[in-house]
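# Analysis of the macromolecular model
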Amino acid sequence: MEPLFIPQLIDYKSQYPAIHQKEKNIPKEKLADGTNVDIIKWADVKELNEIQFTNNQRLIHRNKYLFNDVKASLTWLKFNDKLFLESLVKTFGYTKDKSLLTFVLRNNYKSIDELQKVLWNERCSEDIIFNKEVFEIITEAPEKEQTDYLRAIADYLVKEMGNNSSPLDRKSSVKAEILGKIAYYSTKIGEKHNMYYDFSVF
């Protein structure tokens, strides 16, 4: 996801000694606009080997999870690459993996702004997609978690009702549809907890 420089991925000193030699010959400082500026060389980064190893592990596990559905890699990513996993759901709208979606929901429901990114996504085409799978996760959650999620969703709905700068406000019909679906599925789950979501102002 984030851009990486070649020295952050490979042992360029042994694989490309000529480049490493050129780097050695670069001065450690230069004059820029009348000021001496320090030049930091990759060879002088003390943790470079560890950085290379970590970045390679990250890329390997991302690919094994995304393209081969390796659950061990998902576990590794949960501990070592949480932002990547969250971006899959909150940025790219990937909600088909229940284990991933449960993980992201648990880590984001306490923040209204982050919870919104789990409940629905805006695509590059500006289409708004409602993530019904989130409510399947809530339905299967233990009762205490259910009520925690539903309270958080209620807080989100109240905030969204008064928010005039949301992407949902580009079309009133879209806002009514998305928030109506959230209220509907929340009520279906919340009935046994005496939690109801009435947004008839739509």
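No experiment lies behind these values; they were computed from the predicted model shown.

## A word on the pairing of strand β1 (residues 29-32)
Where β1 lies against strand β2 (residues 35-38), four bridges are found, and the strand directions are antiparallel. By the bridge assignment, lysine 30 is partnered in β2 with valine 37. Taking the residues that link successive antiparallel strands as the turn, the β1-β2 hairpin has two residues, and the phi of aspartate 33 there is positive, at about 55 degrees.

## What to know about the nonpolar core
Counting 37 residues, the largest nonpolar core has Leu85, Leu105, Leu119, Phe135, Tyr156 and Ile182 as its most contacted members. Going through the elements one at a time, α4 (71-80), α5 (82-90), α6 (98-108), α7 (112-119), β4 (128-130), α8 (133-140), α9 (143-161) and α10 (172-190) are the ones with two or more residues in this core. The residues contacting tyrosine 156, other than those within four sequence positions of it, are Ile112, Leu115, Gln116, Leu119, Trp120, Leu168, Leu179 and Ile182.

## A word on the side chain of lysine 175
Inspection of the secondary structure puts lysine 175 in helix α10. Overall, lysine 175 belongs to the buried group, its relative accessible area being 8%. In this structure the side chain of lysine 175 is engaged in a polar contact, spanning 2.9 Å, whose partner is the backbone oxygen of glutamate 160.

## Re unusual backbone geometry
Positive phi values are uncommon outside glycine, yet aspartate 69 reaches one of about 55 degrees. As for its position among the elements, aspartate 69 is in the loop between α3 (48-68) and α4. At glutamate 126, a residue that is not glycine, the phi angle is positive and equals roughly 75 degrees.

## So, the packing of α5 against α6
The contact between α5 and α6 brings their axes to 10 Å, and the two run at 100 degrees. Between α5 and α6, the angle falls in the class roughly perpendicular. Residues Lys82, Leu85, Glu86, Leu88, Val89 and Lys90 of α5 lie in contact with α6, whose contacting residues are Leu100, Leu101, Phe103, Val104, Asn107 and Asn108. Of the residues in the contact of α5 with α6, the class split is seven nonpolar, two polar and three charged.

Scoring rules and cut-offs
Just so you know, the residues in each chain are numbered from 1, in the order the chain's sequence is written. Only residues with pLDDT of at least 70 get local features here, since the model is predicted, and only at 80 or more are side-chain atom pairs given and counted; chain-wide, interface and lining totals rely on the full set of residues. In computing side-chain values, all of the structure's heavy atoms are included and hydrogens and water are not. Note: two strands are recorded as paired if DSSP finds a minimum of 2 bridges between them. Runs of E in the DSSP output that reach at least two residues are strands. Runs of H or I that reach at least four are helices, and both are numbered from the N terminus. We define the nonpolar core as a collection of buried residues of types Ala, Val, Leu, Ile, Met, Phe, Trp, Tyr and Cys that are connected through side-chain atoms lying within 4.5 Å of one another. Buried, partly exposed and exposed residues are distinguished by accessible area as a fraction of the type maximum, computed with a 1.4 Å probe on protein chains only: under 20%, between the cut-offs, and over 50%, respectively. We call two residues contacting when some pair of their heavy atoms lies within 4.5 Å. Here a polar contact is taken to be a pair of N or O atoms separated by no more than 3.5 Å, where protein atoms must pair a possible hydrogen donor with a possible acceptor and residues adjacent in sequence count only if both atoms sit in side chains. Axes here mean lines fitted to C-alpha atoms, for a helix over just the part in contact, with angles spanning 0 to 180 degrees between N-to-C directions. Angle categories: roughly parallel below 35 degrees, roughly antiparallel above 145, roughly perpendicular from 65 to 115, and oblique for all the rest. Note on residue classes: Ala, Val, Leu, Ile, Met, Phe, Trp, Tyr, Cys and Pro are nonpolar, Asp, Glu, Lys and Arg are charged, and everything else, Gly too, is polar.

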